[in-house]
Amino acid sequence: MSQSKIYLSSPHMGGKEQEFVNEAFITNWIAPLGPNVTGFEEDLKAYLQKSTLSKENLPEIEVAALSSGTAALHLALILLDIQAGDEVICQSMTFSASANPIVYLGATPIFIDSEAETWNLCPIHLEAAIVDRIAKGKKPKAIIGVHLYGMPFQVDKILAIAKKYEIPLIEDSAEALGSTYKGQKCGTFGDFSILSFNGNKIITTSGGGALVTKTKAQKERAVFLATQARDQAPHYEHSEIGYNYRLSNVCAGIGRGQMQVLDAHVALRRKNNIFYTQLFKNIKSVRIFIEPNNTYHSNHWLSCILIDKALSNGIGSLEVRLALEKENIESRPLWKPMHLQPIFKDAPYYGNQVAEDLFHNGLCLPSASNLTTADLHRIEKTIWHCFQK
Ligand SMILES: *Cc1c(COP(=O)(O)O)cnc(C)c1O
């Protein structure tokens, strides 16, 4: 008997998506522009501006809907005028998409270790790296921080360092839509922020992303570059290199439907995290990844654990992953740090072993907002069995 597969993070439609998509067909807006693109941008802007603590809205931001989070990062770096030979600081423990656009521009990534509380940019190593790069003769042109698995990085500390050295911050919020720090939404802290709506993210447009800017002029510039940099003219006139990075109006329709259920889906992901917290409460060798204190509010895009093999009779993340796989349940090691990737082996790295240890001892568990009670039961049974051996 083969059981259906339980995925790590599967798409979860709310119900209204197809109506927006149908609207695009009926009105023949089958193009990378149209009412759904504009509507999706407005929805995202309103959502990001709303604080969860105060009634007041936050300072102005603008949102440009794009074809992917990677495209958004690429454009953010271009807007910051990153050139070949420049250096850009990036969190090492992340998905490669955080770092690849640095290389698209011929710049060099400088990788930084994580701290153990949020698993994100370590402020100590970050500052040490900036000081050392300046001493070596090159001031880094930007800092890319990531809210991994939805957990906000140490926002106040990272912003203070960025300000002290006057280096712009790009906030990679691809995994953190719906997360907050001191009540303010992730995706609103950086000079630029990016979101992703890939199939596995907290909401999806099947594929898509967004760039969050501070000014309207920046957004207009991003949209100009994302639509092949066409100058004002009746014919096609170009004085700059452009890109084809705008979001399709069909996909944006999915996004508008997803925005209606975003908060509900965040609540469900957080519920999964509570389920895992309960499940591992009495398993001494396992620590579930949760907020260090209530300054942080994670969307818990993925629920993750750390396993101390010395306390578990040799049951580590590998053994748990294989046991789950045997039951047709998907799990995955944490992100392998970029400074350990073959492609980035020559890039400078500042830090110790924190990210590396996380990679070796950590595991991401099924975390979709549409996991059923039966799914959770299967996961629970398999994990119990695994640790009872
Ligand atoms: C998914 C992701 C991206 C890239 O987003 P795409 O839409 O897939 O291009 C960037 N950074 C992080 C941390 C991600 O998880």
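The model shown is predicted, which means the values in this text are computed figures rather than measured ones.

Caption draft 1: The arrangement of the overall build of the chain in detail. Across its full length, the chain holds 12 helices and 15 strands. In terms of C-alpha radius of gyration, the chain reaches 21 Å, essentially the compact-globule figure of 21 Å for 389 residues. Here the C-alpha coordinates of the chain stretch approximately 70 × 60 × 40 Å along the principal axes. Out of the 389 residues in the chain, the part that is buried amounts to 55%. In the chain, once contacts between residues fewer than 6 apart in sequence are set aside, the share between residues at least 24 apart is 72%.

Caption draft 2: Geometry of the packing of aromatic side chains. Across all of its chains, the model carries 13 aromatic pairs by this definition. A ring pair is formed by Tyr 149 and Trp 335, whose centres lie 6.4 Å apart and whose planes are at 10°; its orientation type is stacked. With Tyr 149 in the loop between strand 4 (142-146) and helix 6 (155-164) and Trp 335 in the loop between strand 13 (332-333) and strand 14 (349-350), the pair connects residues that are 186 residues apart, well separated along the chain. Relative to Tyr 245, the ring of Tyr 243 has its centre 5.2 Å away and its plane inclined at 20°; by these criteria the two rings are stacked. Three or more aromatic residues joined by ring pairs form one cluster here, namely Phe 95, Trp 119, Tyr 149, Phe 289, Trp 301 and Trp 335. The ring of Tyr 47 is capped by Lys 185, whose NZ or CZ atom sits 4.1 Å from the centre of that ring.

Caption draft 3: Structural detail: unusual backbone geometry. Unlike most non-glycine residues, Lys 182 shows phi in positive territory, near 50°. Mapping Lys 182 onto the fold places it in the loop between strand 6 (180-181) and strand 7 (184-185). The exposure class assigned to Lys 182 is partly exposed, which follows from its relative accessible area of 48%.

Caption draft 4: Quick peek at the side chain of Lys 201. Inspection of the secondary structure assignment puts Lys 201 in the loop between strand 8 (192-196) and strand 9 (209-213). Side chain to side chain, Lys 201 and Ser 196 meet in a polar contact 3.4 Å long.

Caption draft 5: Examining the site of the ligand more closely. Lining the immediate environment of the ligand, one finds 15 residues, of which Thr 70, Asp 172, Glu 175, Ser 196 and Lys 201 sit closest. Asn 198 places a polar side-chain atom, nitrogen or oxygen, 2.9 Å from an oxygen atom of the ligand. Here the shell around the ligand is composed, by residue class, of four nonpolar, eight polar and three charged.

Caption draft 6: Focus on the state of the cysteines. Scanning all chains against the criterion turns up zero disulfides. The cysteine Cys 186 is free of any disulfide, with Cys 304 supplying the nearest cysteine sulfur at 15 Å.

Caption draft 7: Quick peek at the pattern of salt bridges. Counted by the stated rule, this structure contains 14 salt bridges. We note a salt bridge from Arg 133 to Glu 87, for which the minimum N-O separation is 2.9 Å. You can see Arg 133 sitting in helix 5 (residues 123-135) and its partner Glu 87 sitting in strand 2 (residues 87-91), a full 46 residues away along the chain. When the shortest N-O distance is used, the salt bridge between Arg 270 and Glu 291 registers 3.0 Å. Taken together, the residues span a long stretch of sequence, with Arg 270 in helix 9 (residues 262-279) and Glu 291 in the loop between strand 10 (286-288) and strand 11 (296-297) at a distance of 21 residues. Under the relative-accessibility criterion, Arg 270 is labelled partly exposed at 25%. With a relative accessible area of 16%, Glu 291 lands in the buried category. What you see here is one network of salt bridges that share partners, running through Glu 41, Lys 219 and Arg 246.

Caption draft 8: Just the packing of helix 3 (residues 69-79) against helix 7 (residues 216-226), in detail. Between helix 3 and helix 7, whose axes approach to 10 Å, the crossing angle comes to 120°. The way helix 3 lies across helix 7 gives a crossing that is right-handed. Judged by residue contacts, Leu 75, Ile 78 and Leu 79 of helix 3 engage Gln 218, Arg 221, Ala 222, Leu 225 and Ala 226 from helix 7. Among the residues making up the contact of helix 3 with helix 7, the classes are represented as six nonpolar, one polar and one charged.

Caption draft 9: Focus on the domain arrangement of the chain. Domain boundaries assigned for the chain yield domain 1 (17-261) and domain 2 (263-388). On the side of domain 2, 37 residues touch domain 1, which itself brings 45 residues to the contact. Across the interface of domain 1 and domain 2, roughly 3700 Å² is buried in total on both sides, 64% from carbon and sulfur atoms. Counting across the domain 1 and domain 2 interface gives 25 residue pairs in polar contact (both at pLDDT 80 or more). It is strand 3 (residues 108-112) that provides the largest number of residues to the side of domain 1 that touches domain 2, a total of five residues. Of the residues that constitute the side of domain 1 that touches domain 2, the class distribution is 22 nonpolar, 14 polar and nine charged.

Caption draft 10: The pairing of strand 12 (residues 303-307), seen in detail. For strand 12, the buried fraction is high: five of the five residues fall into the buried class. Alternating residues of strand 12 divide into Ser 303, Ile 305 and Ile 307 and Cys 304 and Leu 306, and every residue in both groups is buried. Bridge count between strand 10 and strand 12: three bridges; the pairing is antiparallel. Residue pairing for strand 12: Val 286 is matched across the bridge by Ile 307. As paired strands, strand 12 and strand 15 (residues 362-365) are joined by four bridges and run antiparallel to one another. Along strand 15, the bridge assignment pairs Ile 305 with Leu 363.

Caption draft 11: How the structure looks around the sheet that holds strand 13. The four strands lie next to each other as 10-12-15-13, forming an open sheet whose pairing is antiparallel. Bordering the open sheet on either side are strand 10 and strand 13, each of which pairs with just one other strand. Against the sheet, helix 11 (residues 354-361) makes contact with strand 12, strand 13 and strand 15, and its axis sits at roughly 55° relative to strand 15, the strand it touches most.

Quick notes on the rules
- Per-chain numbering applies: the sequence of each chain, read as written, is numbered from 1 onward.
- pLDDT decides what is reported in this predicted model: residues at 70 or higher carry local features, side-chain atom pairs at 80 or more are listed and counted, and totals for whole chains, interfaces and linings draw on all residues regardless.
- Computation of side-chain values: all heavy atoms of the structure, hydrogens and water removed.
- A run of H or I in DSSP counts as a helix once it spans at least four residues, and a run of E counts as a strand once it spans at least two, with each numbered from the N terminus.
- Throughout, the radius of gyration refers to the C-alpha atoms, and the reference size of a globule is 2.2 Å times the residue count to the power 0.38.
- Remark: exposure states derive from per-residue accessible area (1.4 Å probe, protein chains only) relative to the maximum for the residue type, with buried under 20%, exposed over 50%, and partly exposed in between.
- Any pair of residues with heavy atoms lying within 4.5 Å of one another is described as a contacting pair.
- Here is the rule: rings of Phe, Tyr and Trp (six-membered ring for Trp) pair when centre to centre is within 6.5 Å. Planes less than 30 degrees apart are stacked, more than 60 are edge-to-face, and the remainder are tilted.
- Note on geometry: a ring has a charge over it if NZ (lysine) or CZ (arginine) is within 6 Å of the ring centre and within 35 degrees of the ring normal.
- We call two N or O atoms a polar contact when they sit within 3.5 Å, provided that within protein one can donate a hydrogen and the other can accept it, with sequence-adjacent residues counted only if both atoms are side-chain atoms.
- Summary of the distance rule: residues count as near a molecule or strand when at least one heavy atom falls within 4 Å of that molecule or strand.
- The residue classification treats Ala, Val, Leu, Ile, Met, Phe, Trp, Tyr, Cys and Pro as nonpolar and Asp, Glu, Lys and Arg as charged. All others, Gly included, are polar.
- Here, two cysteine sulfur atoms that lie within 2.5 Å of each other are counted as a disulfide.
- Every case where a carboxyl oxygen of Asp or Glu lies within 4 Å of a side-chain nitrogen of Lys or Arg is listed as a salt bridge.
- For helices, the fitted line uses only the C-alpha atoms of the stretch in contact; every axis is such a line through C-alpha atoms, and the angle between N-to-C directions lies from 0 to 180 degrees.
- Crossings are sorted by hand: turned counterclockwise from the far helix by less than a right angle, the near helix makes the crossing left-handed, and turned clockwise it makes it right-handed.
- The start and end points of each domain follow an automatic or database-based domain assignment.
- Each of two parts loses accessible area, computed with a 1.4 Å probe, when they are put together; buried area is these two losses added.
- Strand pairing follows a simple DSSP-based rule, namely that at least 2 bridges must link the two strands.

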